[in-house]
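Observations on chain architecture
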Amino acid sequence: AQTVTQSQPEMSVQEAETVTLSCTYDTSESNYYLFWYKQPPSRQMILVIRQEAYKQQNATENRFSVNFQKAAKSFSLKISDSQLGDTAMYFCALRLNRDDKIIFGKGTRLHILP
Amino acid sequence: DTAVSQTPKYLVTQMGNDKSIKCEQNLGHDTMYWYKQDSKKFLKIMFSYNNKELIINETVPNRFSPKSPDKAHLNLHINSLELGDSAVYFCASSPDRVQETQYFGPGTRLLVL
């Protein structure tokens, strides 16, 4: 069975700082995708970034980047120059290539302080 | 121009009632999903439909019945609502079954009293 673990239930950082959210996962499969989703107070789930497991290069989307360590099954999210609008719940997720469903971690609540 | 929309946004009802949540996507996607997010924010898939055909049913009680009149819509009907059904329900869609990215709707907060 696949699992996704986020060990930080809650974090707070000052605006403009860099913050890293941790995620580890477990799967015996070799082909999969990893995601970070953001859920702001509006509750909508917004895709932040995705990573194909077969790609060694870490994905980057503007201020968001990941550190993908396949051997360690680690997939952390780095937010640079954090902004107040980054305040949200962040979910790490795993999707196997052969499967339809996404497996989510329990989330990390991130507070960006002014 | 909302991609995935859900109605209603909030739903408060009495235990034992029957209610429906509607979902529509205008992205032309073939696959749609229903997720449940409980009070602890844990998000778990309930159903997946591909071109109106049920693909995933994650041991959800049969009081929950998804209905897909066409591939742009996936509605969720819940019979005999129970207190434990209180949660936020998210609809999502993806271009096809092998597409890795799912696009989520805004969620429907259901409160059963």
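Look a little higher up for the structure.
Residues numbered from 1 in each chain as written. Chains lettered and ligands numbered in written order. Predicted model: local features only at pLDDT ≥ 70, side-chain atom pairs only at ≥ 80, totals over all residues. Heavy atoms only, no water.

Digging into the packing of aromatic side chains
- Applying the stated criterion across every chain yields a total of 14 aromatic pairs over all chains.
- A centroid spacing of 5.2 Å and a plane angle of 75° characterise the contact between Y37 of chain A and F104 of chain B, whose relative ring orientation is edge-to-face. One end of the pair, Y37 of chain A, is in strand β5 (residues 32-39); the other, F104 of chain B, is in strand β10 (residues 103-104), on a second chain. Both residues of the pair, Y37 of chain A and F104 of chain B, count as buried.
- Relative to F104 of chain B, the ring of Y35 of chain B lies with its centre 5.2 Å away and its plane at 40°, an arrangement referred to as tilted. Taken together, the residues Y35 of chain B in strand β4 (residues 31-37) and F104 of chain B in strand β10 connect sequence positions 69 residues apart. (Phe/Tyr/Trp six-rings, centres within 6.5 Å; stacked < 30°, edge-to-face > 60°. Helix = DSSP H or I, 4+ residues; strand = E, 2+ residues; numbered from the N terminus. Buried < 20%, exposed > 50% of the residue type's maximum accessible area, 1.4 Å probe, protein only.)

So, the interface of chain A and chain B
- Contacts between the two partners involve 20 residues from chain A, matched on the other side by 27 residues from chain B.
- Here chain A packs against chain B, burying approximately 2,000 Å² in sum over the two surfaces, 50% of which is carbon and sulfur.
- For the pair chain A and chain B, the number of links is zero salt bridges.
- One can count two residue pairs in polar contact (both at pLDDT 80 or more) joining chain A with chain B. (Contact = heavy atoms within 4.5 Å. Buried area = accessible area lost by both parts, 1.4 Å probe. Salt bridge = Lys/Arg side-chain N within 4 Å of Asp/Glu carboxyl O. Polar contact = N/O pair within 3.5 Å; in protein donor to acceptor, adjacent residues only side chain to side chain.)

Digging into a nonpolar patch on the surface
- Judged by side-chain polarity, V12, L111 and L113 of chain B come together as a nonpolar surface patch covering roughly 270 Å² of accessible area.
- The topology assignment puts L113 of chain B in the segment after β11 (108-112). (Patch = residues over 30% accessible without salt bridge, like charges linked within 9 Å, V, L, I, M, F, W, Y side chains within 5 Å. Areas by Shrake-Rupley, 256 points an atom, 1.4 Å probe, with all protein chains shown as cover.)

Comments concerning the layout of surface pockets
Residue and element names in this part refer to chain B.
- Considered as a void within the structure, the largest pocket measures approximately 230 Å³ in volume.
- Contributing to the lining of the largest pocket are 14 residues, with K36, K44, M46, V60 and P61 lying nearest its centre.
- Among the elements of the structure, β4 and β5 (43-50) are those that each provide at least two residues to the lining of the largest pocket.
- For the lining of the largest pocket, the leading source of residues is β5, giving three residues.
- For the lining of the largest pocket, the per-class residue count stands at six nonpolar, two polar and six charged. (1 Å grid on protein atoms, 1.4 Å probe; cavity = no way out; pocket = protein on both sides within 12 Å on 5 of 7 lines; lining within 4 Å. Points joined across faces, edges and corners; volume = space filled by probe spheres on them. Nonpolar A, V, L, I, M, F, W, Y, C, P; charged D, E, K, R; others polar.)

Regarding the state of the cysteines
Residues and elements named next belong to chain A.
- A complete count under the given rule lists two disulfides over all chains for this structure.
- Disulfide partner of C23: C92, at an S-S distance of 2.0 Å. Judged by the sign of its S-S torsion, about -70°, the bond between C23 and C92 is left-handed. Of the two residues, C23 sits in the loop between β3 (19-21) and β4 (24-26) while C92 sits in strand β10 (residues 88-96), which places them 69 residues apart along the sequence. (Disulfide = S-S within 2.5 Å.)

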